[in-house]
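These are the residues of each chain, in order.
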Amino acid sequence: MKSLTPAQRQFLKGLAHTRQPVVMIGNHGLTPAVLKEVDLALNAHELIKIKAATDEPDTRRAWLEEICATTGAAPVQQIGKVLVIYRTAAKPVIVLPG
């Protein structure tokens, strides 16, 4: 799992603000199919939002950790049921500050 500096995290939060969730974690939880979709979305977008359909904050936090560990992404933020993660693509589009 990649770590981000506070300045990089703040920059990515600003970029993520206008984006819509591209992956949804449904009633079956974090399945291999969901992880595959997250990986595909990261390859295409670098910075993605994930909507989690659970009311349990601990479950959402655990899902965020598992997604980042599995995909090699960095957690940017978690606001309610929305998780934001980032992973540099093979051909980066987003240029992180310092």
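Quantities reported herein were computed from a predicted structural model and do not represent experimental measurements.

(A) Quick look at the overall build of the protein chain. Of regular secondary structure, the protein chain possesses 3 helices and 4 strands. Its helices and strands in sequence order give the protein chain the pattern α-β-α-β-α-β-β, from N to C terminus. Taken over the C-alpha trace, the protein chain has a radius of gyration of 13 Å; the compact-globule value for 98 residues is 13 Å, and the two agree within 12%. Along the three orthogonal principal directions, the C-alpha set of the protein chain runs to about 40 × 25 × 25 Å. Counting the 98 residues in the protein chain, one finds 40% classified as buried. Of all intrachain contacts in the protein chain linking residues separated by at least 6 positions in sequence, the fraction that spans at least 24 positions is 69%. Accessible surface for the protein chain amounts to roughly 5700 Å². Of this, 56% is attributable to carbon and sulfur atoms. Mean positive and mean negative side-chain charge positions of the protein chain (12 and 8 charges, respectively) differ by 8 Å.

(B) Representation of the nonpolar core in the model. Membership of the largest hydrophobic core comes to 18 residues, with the highest contact counts inside it found for Ile25, Leu30, Val38, Ile48, Ile50, Ile67 and Ile85. Listing elements by their share of this core, those giving two or more residues are β1 (23–25), α2 (32–45), β2 (47–52), α3 (57–71) and β4 (82–86). Per-element accounting of this core gives the leading share, 5 residues, to α2. Aside from chain neighbours lying at most four places away, what touches Ile25 is Leu30, Val34, Ile50, Lys51, Ala52, Ala53, Trp63 and Ile67. Counting 11 residues, the second largest nonpolar core, distinct from the first, contains Leu4, Val82, Val84 and Leu96.

(C) Here's a closer look at the pattern of salt bridges. Scanning the model with the defined rule gives 3 salt bridges in all. Asp39 is the salt-bridge partner of Arg87, the closest N and O atoms lying 2.7 Å from each other. Note that Arg87 is positioned in the segment after β4 and Asp39 in helix α2, a separation of 48 residues in sequence.

(D) Main features of helix α1 (residues 6–16). By the burial criterion, the buried members of α1 are Gln8, Leu12 and Ala16. Around the axis of α1, the buried residues are gathered within 70 degrees of arc, so they sit on the same side. Away from its buried face, by an angle of more than 90 degrees, α1 presents the exposed residues Pro6 and Gln10. Among the structural elements, β2, β3 (74–79) and β4 are those in contact with the buried residues of α1.

Reading guide: rules and limits
- Residues numbered from 1 in each chain as written.
- Predicted model: local features only at pLDDT ≥ 70, side-chain atom pairs only at ≥ 80, totals over all residues.
- Heavy atoms only, no water.
- Helix = DSSP H or I, 4+ residues; strand = E, 2+ residues; numbered from the N terminus.
- Rg over C-alpha atoms; globule rule 2.2 N^0.38 Å.
- Buried < 20%, exposed > 50% of the residue type's maximum accessible area, 1.4 Å probe, protein only.
- Contact = heavy atoms within 4.5 Å.
- Areas by Shrake-Rupley, 256 points an atom, 1.4 Å probe, with all protein chains shown as cover.
- Lys, Arg positive; Asp, Glu negative; His and termini not counted.
- Charge placed at Lys NZ, Arg CZ, Asp CG, Glu CD.
- Core = buried A, V, L, I, M, F, W, Y, C linked by side-chain atoms within 4.5 Å.
- Salt bridge = Lys/Arg side-chain N within 4 Å of Asp/Glu carboxyl O.
- Arc of directions from axis to C-beta.

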